[in-house]
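# A structural walkthrough
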Amino acid sequence: MAAAAYATKFGGLLRPYGDAANNIGEGIYFSTEAAADLEESLAQLRPETSTPPPQDDQTTSLEDSITTYIDLAAALNSQKEILQSMKTRLMAGEDLGDIVRFFEKAVEEQTEAYKEKRKTEGYKDEDDYIKFKEKVWQKRCPNRPFRMDGEAEEEDDDLVITTQQESLICPLSVSFFGAFGELTLNTHFIELLQQGILDDPVTSKDCKHSYSRAAIVAFLGHAPYKECPVAGCRKYVRLSDLKKNRNLARLAAKRRAEEEDDDDEEEYTMVE
């Protein structure tokens, strides 16, 4: 088959994936909103207690729907990437043999790898799951720091996602950069570093520590990897291991806005 024919054929196969992804996104959004509304209604009926109330069974059912949507999205993305790879290789003239069997085998391998990942890691690294858990928690326990495990006592670094200030602070500061030579950073980023608040945060999938993107990129320089700059951490950081953390980005932006409001209020008081 000619390259142009492959492009047309695979283009038709890939087209429906966009609509399916949009449908999944809507399902996640509406499930999250429904769970938050439910927990908010229940919170108004509950007496205040010293311990977090349990999650409602209906909320748990909605949580299960979130993980199902995440699984569906992962399956769709995997299939889409396989088809795109097949298209590229076939257009380059590579013989893949029985292309249907090739596709099925690749999907089977990716599916097994995904299942193993979920067994070991769960969903705590998925932004949509984190957002669901946080939004539900804020409605159920509005005056408590957010925790993925729903507990209020012992802290576990892998489980605490948080609205606490220290978790929104980049471990790399302006003074810290002095040890790594002169760096070219724009004025906006220097100001953010002085505040200490994360900017465009990324999280290492290895040690789970988070950094401002520009700061960690500058820290790594041309080195393939370096030891994590967080005190006491002995794991290594690589650019390829860093993942954009939308949840922290949203929390950091909120924190920054709150500090700016505080500064404006202080300035107004001084002028009076």
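Please refer to the structure placed before this passage.
Notes on the structure follow. (Residues numbered from 1 in each chain as written. Predicted model: local features only at pLDDT ≥ 70, side-chain atom pairs only at ≥ 80, totals over all residues. Heavy atoms only, no water.)

## Here's the deal with unusual backbone geometry
- Look at Asp200: it is not a glycine, yet its phi comes out positive at around 50°.
- Relative to the helices and strands, Asp200 resides in the loop between α7 (187-195) and β1 (201-204).
- The partly exposed category is assigned to Asp200, whose relative accessible area is 29%.
- In this model, Lys208 sits at a positive phi of 75°, which is unusual for a non-glycine residue.
- With respect to the element layout, Lys208 can be found in the loop between β1 and β2 (210-212). (Helix = DSSP H or I, 4+ residues; strand = E, 2+ residues; numbered from the N terminus. Buried < 20%, exposed > 50% of the residue type's maximum accessible area, 1.4 Å probe, protein only.)

## As for the state of the cysteines
- A complete count under the given rule lists zero disulfides for this structure.
- No disulfide involves Cys207; its sulfur sits 4.0 Å from the nearest other cysteine sulfur, which is in Cys228. (Disulfide = S-S within 2.5 Å.)

## Structural notes on the sheet that holds β2
- The sheet built from three strands is open, its strands ordered β2-β1-β5 with antiparallel pairing. Since the sheet does not close on itself, it has two edges, and those belong to β2 and β5 (242-244), each with one partner. The mean angle between the axes of side-by-side strands here comes to 35°, regardless of whether they run parallel or antiparallel.
- Bridge count between β1 and β2: three bridges; the pairing is antiparallel. (Pairing = 2+ DSSP bridges. Axes fitted to C-alpha atoms, helices over the stretch in contact; angles between N-to-C directions.)

## Section: the packing of aromatic side chains
- This structure, assessed with the given rule, holds three aromatic pairs.
- Their ring planes at 45° and their centres at 5.9 Å tell us that Tyr123 and Tyr129 sit as a pair that is tilted. Summarising the burial analysis for this pair, Tyr123 and Tyr129 share the class buried.
- Between Arg238 and the ring centre of Tyr225, over which it is positioned, the NZ or CZ distance is 4.9 Å. (Phe/Tyr/Trp six-rings, centres within 6.5 Å; stacked < 30°, edge-to-face > 60°. Lys NZ or Arg CZ within 6 Å of the ring centre and 35° of its normal.)

## Considerations on helix α2 (residues 16-45)
- If you check α2, its first and last C-alpha atoms are 45 Å apart, about what 30 residues at 1.5 Å a residue would give, namely 44 Å.
- Every buried residue of α2 is listed here: Tyr17, Ile24, Gly27, Ile28, Ser31, Thr32, Ala35, Ala36, Leu38 and Glu39. (Expected span 1.5 Å × (residues − 1).)

## Focus on the packing of α2 against helix α5 (residues 127-140)
- At a minimum axis separation of 7 Å, α2 and α5 run at an interaxial angle of 15°. Classified by the angle between their axes, α2 and α5 sit roughly parallel to one another. Crossing hand, α2 versus α5: right-handed. The segment α2 lies against α5, with Ile28, Ser31, Thr32, Glu33, Ala35, Ala36, Glu39, Glu40 and Ala43 engaging Asp128, Phe132, Lys135, Val136, Lys139 and Arg140.
- A class-by-class count of the residues in the contact of α2 with α5 yields six nonpolar, two polar and seven charged. (Parallel < 35°, antiparallel > 145°, perpendicular 65-115°, else oblique. Left-handed = near helix turned anticlockwise from the far one by under 90°. Contact = heavy atoms within 4.5 Å. Nonpolar A, V, L, I, M, F, W, Y, C, P; charged D, E, K, R; others polar.)

## Regarding the environment of Gln110
- Along the chain, the position of Gln110 falls in helix α4 (residues 99-121).
- In this structure the C-alpha to C-alpha distance between Gln110 and Gln79, which are 31 residues apart in sequence, comes to 8.7 Å.
- Once you skip the residues sitting within four places of it in the chain, Gln110 turns out to touch Ser78 and Ile82.

## With respect to the pairing of β1
- Burial along β1 is two-sided: the face carrying Pro201 and Thr203 and the face carrying Val202 and Ser204 are both buried.
- Once β1 ends, the chain turns through five residues before running back antiparallel as β2, passing Lys208 with a positive phi of about 75°.
- Of the pairings in the sheet, the one linking β1 to β5 comprises three bridges and is antiparallel in character. Looking across to β5, one finds that Ser204 is bridged to Leu242.

## Some points on the pattern of salt bridges
- Counted by the stated rule, this structure contains 19 salt bridges.
- Residue Asp127 pairs with Arg246 through a salt bridge whose shortest N-O separation is 3.3 Å. With Asp127 in helix α5 and Arg246 in helix α9 (residues 246-271), this residue pair connects regions lying 119 residues apart in the sequence.
- For Asp241, the salt bridge goes to Arg238, with nearest N and O atoms at 3.8 Å. (Salt bridge = Lys/Arg side-chain N within 4 Å of Asp/Glu carboxyl O.)

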